[in-house]
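Per-entry structural report
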Amino acid sequence: MKNKLFSKMGFFFVAVLLLWIKSYLIYVYEFNLDIQNGIQEFLLFFNPLSSALIFLGFALFAKGKRAGIWIIVIDSLMSFMLYANVVYYRSAADYITLPTLTQTSNFGSLGGSIANLVAWHDLFYAVDIIILIALFIWSKNDWSVARMQKKKPLLVLAAGVMAFSINLGLAEADRPELLTRTFDRNYIVKYLGSYNFAIYDALQTLRSSTQRVLADSSDITEVENYTKNKYAEPNPELFGVAEGKNIIKIHLESFQSFLIDYELHGEEVTPFLNSLVHDESKNFTYFDNFFHQVAQGKTADAELLLDTSLYPLPQGAAFVTKGNNTYQALPAILKQNQDYTNAVFHGDNKSFWNRDEVYKQFGIDKFFDSSYYNMTEENVIGYGLKDKPFFKESMPMLKSLEEPFYAHMMTLTHHHPYLISPEEASIKPAETGDPSVDRYFQTARYLDEALKQFFTDLKESGLYKDSVIMIYGDHYGISENHNAAMKQITGEKITDFKHTQLQRVPYMIKIPGVDGKGTVHEYSSQVDVMPTLLHLVGINAQDYIQFGTDMFSKGHKEYVVFRDGDFVTPEYTVASGKFYDNDTGEKIEPTKEMKELQEKVHHELKLSDKVLYGDLLRFYTPNKNWEPVDTSKFSYGKNAKQEEE
């Protein structure tokens with residue numbers, strides 16, 4: 001027994017066993033994979049085996065003791081990949097894909113977040129590697145210096161392939177068309193494991209990268225026909241009422257709608273935003289069933305949705321992977337039709353999310369990034385400039401813009417891990433025991449206070465009265481990894497249905513000269529914002545490729561599409577592929593009409609993906625007056641050409 005354990009093959013099987021066990025434990029304790037039945041439970045346990053056999057099996061072709069070194073190296077690389085997914089999942093409730101790896105320039109601002117995502121028990125995930133190193137040192141002297149006969153490693157690889165075939169067969173039986181129809185990475189990891197998901201992701205990335213090369217002008221026709229058929233006629237009472245008016249778009253970072261009217265320790269968390277929602281003077285219209293639709297690109301995805309009415313990509317961020325695409329974005333449309341000046345204000349580095357490149361494609365005239373602000377230590381926390389100095393320092397720049405202007409103000413402080421100094425926290429943290437959730441309310445209050453001061457400054461400057469002011473939340477702030485704490489906050493167990501309902505973010509808008517409608521219960525989402533704004537300023541959205549519809553139109557389509565293929569309607573919700581009644585939260589059997597809408601949702605996502613992967617807008621001319629954006633005209637940063645113009 002001792003001889004077998006300390007042999008080369010014995011060492012190999014110990015490595016396979018340890019990696020198998022570690023992977024399974026991580027799946028169970030770190031990932032929320034929503035196991036529904038015995039087959040899924042078995043596959044979760046079984047799926048790491050094929051990867052361990054195949055990848056570690058290649059090391060057996062090495063000569064002599066090098067086989068042991070290769071096994072340790074390959075095991076370490078697989079372990080590192082798995083642990084990187086653990087850390088990423090704690091933040092994003094998602095898995096790393098190849099496109100997200102191209103976003104590594106963003107990681108420089110993540111220091112504080114990563115420190116909060118690492119746990120002391122993570123040291124146990126390295127124990128198997130320590131055991132392997134020790135076992136190798138003790139046993140290597142008894143190993144043959146000759147290369148192992150090829151028959152043994154080939155049998156190992158064959159066993160791995162057979163294990164994968166069994167795995168895939170059972171997965172397809174439980175989830176038909178797993179690899180061809182799913183938009184949800186969770187399914188791939190649950191059924192096939194994180195290592196096989198990495199291979200699947202690589203193949204999908206390769207496939208998507210070839211689509212632009214193979215695309216031609218005929219590919220846009222199907223998309224055009226679909227979006228024109230979905231188009232909703234504008235409300236005749238509102239079409240053009242904001243023509244020539246300034247538009248100020250205020251981005252609430254990581255802000256979910258449950259914060260509105262929420263009281264903590266007997267205090268309103270966001271008293272100023274609450275006052276806008278319940279304003280008796282009827283300035284604002286508030287949509288309380290407005291949802292975010294972002295994927296791995298988070299804030300960048302929200303910008304894509306609001307300024308292009310396209311859905312985000314299933315993997316990575318279009319801002320990074322498709323940053324050089326042709327876009328027909330809201331800033332350029334406003335510029336060409338009504339001579340708007342376009343500007344973005346953001347207290348972070350201009351290259352974060354590749355903004356300094358993609359903004360050129362959007363036709364944004366000016367980008368006031370961190371180089372324009374006082375980024376001293378007392379003004380910066382977490383991801384960049386604090387919200388109060390951000391708004392204060394933005395006012396002179398905002399007033400300097402030639403009118404009419406379209407200004408996008410992007411806040412930062414209310415971002416994971418929700419850091420705030422005791423001196424600036426004006427409300428006590430929650431008491432769930434989860435630091436991220438507990439601090440979430442403190443940075444929300446800080447943002448609310450910053451926003452209140454900004455409104456005061458807008459009124460004093462004379463910009464408030466005659467400007468469209470739009471406030472929106474970009475994405476969730478509390479992921480499903482914090483469900484236990486959120487149960488204490490909401491008083492309800494966070495089921496798949498409840499989690500989906502929590503994806504509401506605020507959307508409110510003030511239109512000069514038009515009485516607000518109070519709280520509107522219509523279902524809408526970020527993809528609907530662009531056609532809504534176009535109609536308000538008197539530009540017909542039908543000319544452009546857009547997947548949203550005007551939120552004020554009687555023909556507005558009240559279904560909200562999520563990137564994973566789930567969706568929400570006023571009557572029912574589809575979460576993790578299952579249908580729920582909105583009134584009861586209970587599972588229901590879908591009708592024929594419900595299934596047809598589900599197919600439509602999937603088709604809509606595929607069409608949007610075709611636009612981005614194939615760069616199809618390069619083949620589309622919205623109208624005879626449209627001119628493609630000339631990116632050479634734009635350069636960002638305080639010392640760039642925009643400062644001279």
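Residues numbered from 1 in each chain as written. Predicted model: local features only at pLDDT ≥ 70, side-chain atom pairs only at ≥ 80, totals over all residues. Heavy atoms only, no water.

Bringing a positive patch on the surface into the picture now. Judged by side-chain charge, K63, R66, R147 and K150 come together as a positively charged surface patch. Tracing the sequence through the fold places R66 in helix α4 (residues 66-92). Judged by relative accessible area, which is 46%, R66 ranks as partly exposed. (Patch = residues over 30% accessible without salt bridge, like charges linked within 9 Å, V, L, I, M, F, W, Y side chains within 5 Å. Areas by Shrake-Rupley, 256 points an atom, 1.4 Å probe, with all protein chains shown as cover. Salt bridge = Lys/Arg side-chain N within 4 Å of Asp/Glu carboxyl O. Lys, Arg positive; Asp, Glu negative; His and termini not counted. Charge placed at Lys NZ, Arg CZ, Asp CG, Glu CD. Helix = DSSP H or I, 4+ residues; strand = E, 2+ residues; numbered from the N terminus. Buried < 20%, exposed > 50% of the residue type's maximum accessible area, 1.4 Å probe, protein only.)

Now for the pattern of salt bridges. Enumeration according to the criterion identifies 17 salt bridges in this entry. For E424, the salt bridge is made with K386, and the minimal N-O distance between the two is 2.9 Å. Placement of E424 in the loop between β9 (405-410) and α19 (435-461) and of K386 in the loop between β8 (384-385) and α18 (387-400) is noted, with a sequence separation of 38 residues between them. The exposure class assigned to K386 is buried, which follows from its relative accessible area of 9%. It is possible to trace a salt-bridge network through shared partners that takes in E30, R90 and D122.

This part takes up the confidence of the model for the protein chain. Model confidence for the protein chain is summarised by a mean pLDDT of 91, while 95% of its residues fall at 70 or above. Taken as a whole, residues 107-111 scores under 50 in pLDDT and shows six contacts with residues more than four places along the chain or in a different chain. Per-residue pLDDT stays below 50 along residues 641-645; that stretch engages in 13 contacts with residues further than four places along the chain or on separate chains. (pLDDT = per-residue confidence, 0-100. Contact = heavy atoms within 4.5 Å.)

Here the focus is the sheet that holds strand β11 (residues 507-510). Strand order in this open sheet of eight strands is β6-β5-β9-β1-β10-β11-β4-β12, and the pairing throughout is mixed. Edge positions in the sheet fall to β6 (366-368) and β12 (518-525), since each has one partner strand and no second. Across the sheet, the mean angle from the axis of one strand to that of its neighbour is 15°, orientation sign disregarded. Pairing between strand β1 (residues 246-252) and β9: five bridges, direction parallel. The residue bridging K249 from the neighbouring strand is H408, located in β9. With respect to the sheet, helix α14 (residues 299-308) is in contact with β1, β9 and β10 (467-473), its orientation differing from that of β9 by roughly 160°. Against the sheet, helix α16 (residues 330-338) touches β1, β5 (341-346) and β9, its axis set at about 150° to β5. (Pairing = 2+ DSSP bridges. Axes fitted to C-alpha atoms, helices over the stretch in contact; angles between N-to-C directions.)

In this section: α14. α14 sits mainly inside the fold: 10 of its 10 residues count as buried. Of the residues making up α14, those classed as buried are T299, A300, D301, A302, E303, L304, L305, L306, D307 and T308. At the exit of α14 stands S309, carrying a positive phi of roughly 60°.

Taken together, the side chains of I39, F42, F45, M162, I166 and L170 make up a nonpolar region of the molecular surface, amounting to roughly 530 Å² of accessible area. Breaking the nonpolar patch down by element, the ones donating at least two residues are α3 (38-57) and α8 (151-174). Secondary-structure assignment places I39 in helix α3.

With that settled, the discussion passes to the environment of I74. Looking at the element boundaries, I74 is found in helix α4. Note: C-alpha distance between I74 and F55 (19 residues apart in sequence) is 7.2 Å.

The next thing to look at is the nonpolar core. Of all hydrophobic cores here, the largest spans 83 residues; its most connected members are Y359, Y507, I509 and F547. Top element by residues in this core is helix α23 (residues 592-613). It accounts for eight residues. In terms of nonpolar packing, the next biggest core, distinct from the first, is built from 55 residues, I250, Y373, F441 and I494 among them. (Core = buried A, V, L, I, M, F, W, Y, C linked by side-chain atoms within 4.5 Å.)

Moving on, we come to the side chain of D128. Among the structural elements, D128 can be located in helix α7 (residues 127-139). Look at D128 and you get buried, because its relative accessible area is 5%. In this structure the side chain of D128 is engaged in a polar contact, spanning 3.0 Å, whose partner is the side chain of K22. (Polar contact = N/O pair within 3.5 Å; in protein donor to acceptor, adjacent residues only side chain to side chain.)

Burial analysis of β1 places seven of its seven residues in the buried class, which makes it a mostly covered element. In β1, alternate side chains face the same way, and those of N246, I248, I250 and L252 on one face and I247, K249 and H251 on the other are all buried.

With that out of the way, let us pick up the environment of T432. Within the secondary structure, T432 sits in the loop between β9 and α19. Taking the C-alpha atoms as reference, T432 lies 8.2 Å from M486; in sequence the two are 54 residues apart. Apart from residues no more than four positions distant in its own chain, T432 is found in contact with V437, D438, A485, Q488 and I489. One polar contact links T432 to D438, side chain to side chain, over a distance of 2.6 Å.

Now for the sheet that holds strand β14 (residues 567-568). Spatially, the four strands line up as an open sheet ordered β13-β14-β15-β16, and their pairing is antiparallel. In this open sheet, the two strands that pair with only one neighbour each are β13 (560-561) and β16 (578-581). Note: β14 against strand β15 (residues 572-575), two bridges, orientation antiparallel. Note on β15: the bridge partner recorded for F567 is V574.

Both the distance between ring centres and the angle between the ring planes are used here to describe each pair of aromatic rings. Here the structure, examined in full by the defined rule, presents 47 aromatic pairs. For the ring pair Y544 and W626, a centre distance of 6.2 Å and an interplane angle of 75° mean the geometry is edge-to-face. Of this pair, Y544 sits in the loop between α22 (529-536) and β13 while W626 is found in the loop between α23 and α24 (641-644), placing the two residues 82 residues apart along the sequence. Each of the two residues, Y544 as well as W626, counts as buried. Through a chain of ring-to-ring contacts, three or more aromatic side chains come together here, namely F319, Y327, Y359, F362, F367 and Y636. Across from the ring centre of Y187, 4.1 Å away, lies the NZ or CZ of R175, which sits over that ring. (Phe/Tyr/Trp six-rings, centres within 6.5 Å; stacked < 30°, edge-to-face > 60°. Lys NZ or Arg CZ within 6 Å of the ring centre and 35° of its normal.)

With respect to the secondary-structure elements, K578 resides in strand β16. Those residues in contact with K578 that sit more than four places away from it in its chain are D34, Q36, D496, T573 and K587.

Moving on to the packing of helix α2 (residues 8-30) against α7. Two quantities define a packed helix pair, namely the angle between the axes and the distance from one axis to the other. At a minimum axis distance of 10 Å, the contact between α2 and α7 shows a crossing angle of 170°. Of the possible angle classes, the one that applies to α2 and α7 is roughly antiparallel. Facing α2, whose interface residues are F11, V14, A15, L18, L19 and K22, α7 presents D128, I129, I131, L132, L135 and F136. Tallied by class, the residues present in the contact of α2 with α7 amount to 10 nonpolar, no polar and two charged. (Parallel < 35°, antiparallel > 145°, perpendicular 65-115°, else oblique. Nonpolar A, V, L, I, M, F, W, Y, C, P; charged D, E, K, R; others polar.)

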